[in-house]
Amino acid sequence: MNNLFTANLDYRSLVRKYGSPLLLLDRATIRHQYRSLKSALPNVTLHYALKPLPHPEVVSVLMEEGASFDLATKGEVDLVRSAGVDPITCIHTHPIKKDDEISYALDYGCSVFVVDNEEEVKKFIPYRRDARLLIRVSFPNPETPVDLSKKFGVLPENCLGLLRYVKRLGLEIAGLSFHVGSQVPNARRHCEAISQCAEIIRAAAEEGIEIGVLDIGGGFPVDYAGARETDIGAFCAPIREALAQLPEGIRIIAEPGRFISAPAMLNICTVVGKAERFGKPWYYLDDGVYCSYSGQIFDHVTYPKSAPYAMGPVRESVLAGPTCDSIDIIAENIMLPELHVDDIIVGKMMGAYTISTATEFNFIRKTGILLIDTDRDHPDELERQFRLEPATREHCHQRALRLVS
Ligand SMILES: *Cc1c(COP(=O)(O)O)cnc(C)c1O
């Protein structure tokens, strides 16, 4: 079965047909990543975290796979609701919310919420009959560039106190959750967090506080350096062992985002101009850090980039984006053969935290997303699967729409 790790795509003909720049979103890769993680964590319910790629097609593929969902805002509620997702399969994991975020999610039918302090717990008093609470515990992780435990979570030593407070107010406790940071290099922090949560669960049980769910968050990594498949089975082996040590009867859930979406999208853009500066060739592209490559700023990631059709001796080169800002450079010393105007640059592993954080700085429209399914073997069949969609609901990619009609 094909996916973006294995498929051979004709980027030039795609650009001739659909224009440049372009993002390709592959359904087959979403399916493949979900199934790989599912078999690496067979007894864990996977709630796809919408944040890295909140796209209706990703939601619909994952619904077909029987996935659950993790949402954090009213906009994300709208997305799953319009896709027809059963709210029973959703959890709301933003630790800090306005009252109308809570009531909006409850109206939809999502009733599990994350809290990490007393101020937040109090907001649920009016909803005590409908809402159930997951307590987010903080496990700081210096090994990841995206350490979410700085911003959110109750310290493990204060967790029991918070559980008592929730119980005293008569609110229902669903369980514990944590997020050890995104794109973690190994599962060590997950395992430490699981065993510390096990201690909290035992201590709580002694006081008659029952913990039914442990949510082990996200953080499952992809390979940006090599653009290869992660051996997720091996990555998760210590997690499986740690989970086996938990008391009986605890339901385990997780909130993977990046792992499912990152490999499923790639970017095709084009050289629009070139110059020689400070002894290096500079190539100016029609996509950059204010748009599809925004993750290089916000997510601290460098995507694997190549010029698949260029040939000849390589030189240290610069790839710059289309805006007038000097920060808009996507590679400063990439080894490339000489490129010409209209040559194609391909960026891989660009499905997570890329177009979701893009801007329209300089009035440059967000790059359109072309939906594909590399699982179709026959090229004609693949062709018929192509459908170009605007990157967001609000901002229509004019050129893209012309191509579709
Ligand atoms: C961002 C986020 C996720 C997804 O994390 P990944 O590292 O992309 O898997 C999951 N849960 C919460 C609460 C998040 O904020």
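Everything here concerns the structure above.
A brief structural summary. (Residues numbered from 1 in each chain as written. Predicted model: local features only at pLDDT ≥ 70, side-chain atom pairs only at ≥ 80, totals over all residues. Heavy atoms only, no water.)

### A few points about empty space enclosed by the protein
At step 1: In total, this model carries one cavity of 30 Å³ or more according to the counting rule given.
At step 2: Space inside the largest cavity adds up to approximately 60 Å³.
At step 3: Lining the largest cavity are Asp 287, Gly 288, Tyr 290, Cys 291, Pro 322, Thr 323, Asp 328, Thr 359, Glu 360, Phe 361 and Ile 364.
At step 4: Here the lining of the largest cavity is composed, by residue class, of five nonpolar, three polar and three charged. (1 Å grid on protein atoms, 1.4 Å probe; cavity = no way out; pocket = protein on both sides within 12 Å on 5 of 7 lines; lining within 4 Å. Points joined across faces, edges and corners; volume = space filled by probe spheres on them. Nonpolar A, V, L, I, M, F, W, Y, C, P; charged D, E, K, R; others polar.)

### Here's the deal with the nonpolar core
At step 1: In this structure, Leu 163, Leu 176, Leu 214, Ile 216, Phe 220 and Ile 239 are the most contacted members of the largest nonpolar core, which totals 110 residues.
At step 2: Tallying contributions element by element places helix H8 (residues 188-206) first for this core, with eight residues.
At step 3: The residue makeup of this core includes at least three contributed by each of domain 1 (54-256) and domain 2 (263-403).
At step 4: Once you skip the residues sitting within four places of it in the chain, Leu 214 turns out to touch Leu 176, Phe 178, Ile 194, Cys 197, Leu 246, Ile 250, Arg 251, Ile 252 and Ile 253.
At step 5: Residues Leu 4, Leu 9, Leu 22 and Leu 24 belong to the second largest nonpolar core, which totals 14 residues. (Core = buried A, V, L, I, M, F, W, Y, C linked by side-chain atoms within 4.5 Å. Buried < 20%, exposed > 50% of the residue type's maximum accessible area, 1.4 Å probe, protein only. Helix = DSSP H or I, 4+ residues; strand = E, 2+ residues; numbered from the N terminus. Domains from an automatic or database assignment. Contact = heavy atoms within 4.5 Å.)

### What about the packing of helix H7 (residues 156-168) against H8?
At step 1: One can describe the packing of H7 onto H8 by two numbers: an axis separation of 10 Å at closest approach and a directional angle of 35°. Remark: the crossing between H7 and H8 carries right-handed chirality. Contacts between H7 and H8 involve Pro 156, Cys 159, Leu 160 and Leu 163 on the former and, on the latter, Gln 196, Ile 200, Ala 203 and Ala 204.
At step 2: The class makeup of the residues in the contact of H7 with H8 is seven nonpolar, one polar and no charged. (Axes fitted to C-alpha atoms, helices over the stretch in contact; angles between N-to-C directions. Left-handed = near helix turned anticlockwise from the far one by under 90°.)

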